Amino acid sequence: METAQSRQQAAPSAFTAFARFVFCGGGVGLASSFAVAALASWLPWAFANALVTVASTLLATELHARFTFGAGGRATWRQHAQSAGSAAAAYAVTCVAMLVLHQLVAAPGAVLEQVVYLSASALAGVARFAVLRLVVFARNRSQAAATVSTARPVQATVARASATTDPAVLCCAA
């Protein structure tokens, strides 16, 4: 059984976490871009993007909890909810990017749409990494550190002073 101490020590460096984030999040993002393109042929693009964003966020949050940030297990409901907030912002960025593309280019091709979508996703992904590392999964490490530090026996010497009611002594002490 893994202890809180070993989970805390397993927390990766920022560089390692970012590399894992790119691998996991990038892989899910790349698959998502193809899924959005496929669904958009049957559904409005924004709705297809919303469906894929929900599914990919659930998958990516689990991957990030287990692998990217060394949280030591499955993502909690709180982490999923916080991750969903950052994913909603990423969804907005990709929708705005595609809206701008369609305002600038009358009939963009599939390759141009993919380039714009993936570029917007990458930009949003960097911001998501910061949010996930500093907010969503940071609490897990600080809670693990608190658990480790409070799990050790603490020896303390308590000196007990005799209580005095003499006003002169109390004034000097204050």
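Structure: above.
All values reported here derive from a predicted model rather than from experimental measurement.

(A) Examining the overall build of the protein chain more closely. Across its full length, the protein chain holds seven helices and zero strands. In the protein chain, the order of α-helices and β-strands from amino to carboxyl end is α-α-α-α-α-α-α. Of all 174 residues assigned to the protein chain, the portion counted as buried reaches 30%. Considering only intrachain contacts with a sequence separation of at least 6, the fraction spanning at least 24 residues in the protein chain is 70%.

(B) View of the nonpolar core. Listed in full, the nine residues of the largest apolar core are Ala-17, Phe-21, Ala-65, Phe-69, Ala-75, Phe-129, Leu-132, Val-136 and Phe-137. Secondary structure elements with two or more residues in this core: helix H2 (14–40) and helix H5 (110–136). Take this core: its biggest share by element is three residues, from H5. What Phe-21 contacts, discounting residues up to four positions off in sequence, is Gly-26, His-64, Thr-68, Phe-69, Gly-125, Arg-128, Phe-129 and Leu-132. Formed by eight residues, the second largest nonpolar core is a distinct cluster that contains Val-52, Ala-97, Leu-101 and Ala-120.

(C) Representation of the packing of aromatic side chains. Under the criterion given, the structure shown has five aromatic pairs. Judged by centre distance (6.0 Å) and plane angle (80°), the rings of Trp-45 and Tyr-117 are edge-to-face. One end of the pair, Trp-45, is in helix H3 (residues 45–68); the other, Tyr-117, is in helix H5, and 72 residues separate them in sequence. Exposure remark for Trp-45: the relative accessible area of 23% places this residue in the partly exposed category. These aromatic residues form a ring-pair network of at least three members: Phe-18, Phe-21, Phe-69, Phe-129 and Phe-137. Residue placement shows Arg-20 over the ring face of Phe-67; its charged tip is 4.9 Å from the ring centre.

(D) The arrangement of the environment of Gln-79 in detail. Counting through the fold element by element, Gln-79 comes out in helix H4 (residues 77–104). By relative accessible area, Gln-79 is classed as buried at 5%. Residues Gln-79 and Ala-65, 14 residues apart in the sequence, show an inter-C-alpha distance of 8.5 Å.

(E) Structural view of the packing of H2 against H3. Where H2 contacts H3, the two axes come as close as 9 Å, and the packing angle between them is 155°. In this view, H2 runs roughly antiparallel relative to H3, as classed from their interaxial angle. Crossing geometry of H2 relative to H3 is assigned as right-handed. Where H2 approaches H3, its residues Ala-17, Arg-20, Phe-21, Cys-24, Gly-25, Val-28, Ser-32, Ala-35, Val-36, Leu-39 and Ala-40 are matched on the opposing element by Trp-45, Ala-48, Asn-49, Val-52, Ser-56, Leu-59, Ala-60, Leu-63, His-64, Phe-67 and Thr-68.

(F) Here's a closer look at the pattern of salt bridges. If you walk through the whole model with that rule in mind, you get two salt bridges. Here Arg-66 ties to Glu-62 by a salt bridge, and the two come within 3.2 Å at their closest N and O atoms. Taken together, the residues Arg-66 and Glu-62, both in helix H3 and four residues apart, mark about one turn of the helix. For Arg-74, the salt bridge goes to Glu-62, with nearest N and O atoms at 3.8 Å. Taken together, the residues Arg-74 in the loop between H3 and H4 and Glu-62 in helix H3 connect sequence positions twelve residues apart. Taking relative accessible area as the criterion, Arg-74 reaches 59% and is therefore assigned exposed. Counted as one network, the salt bridges with shared partners bring together Glu-62, Arg-66 and Arg-74.

(G) View of a nonpolar patch on the surface. A grouping of Phe-18, Val-22 and Val-126 is seen on the molecular surface, where their side chains present a nonpolar patch of about 240 Å² in accessible area. Structurally, the position occupied by Phe-18 is in helix H2.

Calculation notes
- Residues numbered from 1 in each chain as written.
- Predicted model: local features only at pLDDT ≥ 70, side-chain atom pairs only at ≥ 80, totals over all residues.
- Heavy atoms only, no water.
- Helix = DSSP H or I, 4+ residues; strand = E, 2+ residues; numbered from the N terminus.
- Buried < 20%, exposed > 50% of the residue type's maximum accessible area, 1.4 Å probe, protein only.
- Contact = heavy atoms within 4.5 Å.
- Core = buried A, V, L, I, M, F, W, Y, C linked by side-chain atoms within 4.5 Å.
- Phe/Tyr/Trp six-rings, centres within 6.5 Å; stacked < 30°, edge-to-face > 60°.
- Lys NZ or Arg CZ within 6 Å of the ring centre and 35° of its normal.
- Axes fitted to C-alpha atoms, helices over the stretch in contact; angles between N-to-C directions.
- Parallel < 35°, antiparallel > 145°, perpendicular 65-115°, else oblique.
- Left-handed = near helix turned anticlockwise from the far one by under 90°.
- Salt bridge = Lys/Arg side-chain N within 4 Å of Asp/Glu carboxyl O.
- Patch = residues over 30% accessible without salt bridge, like charges linked within 9 Å, V, L, I, M, F, W, Y side chains within 5 Å.
- Areas by Shrake-Rupley, 256 points an atom, 1.4 Å probe, with all protein chains shown as cover.

In short, the description is geometric, and any link to function would need to be established separately.
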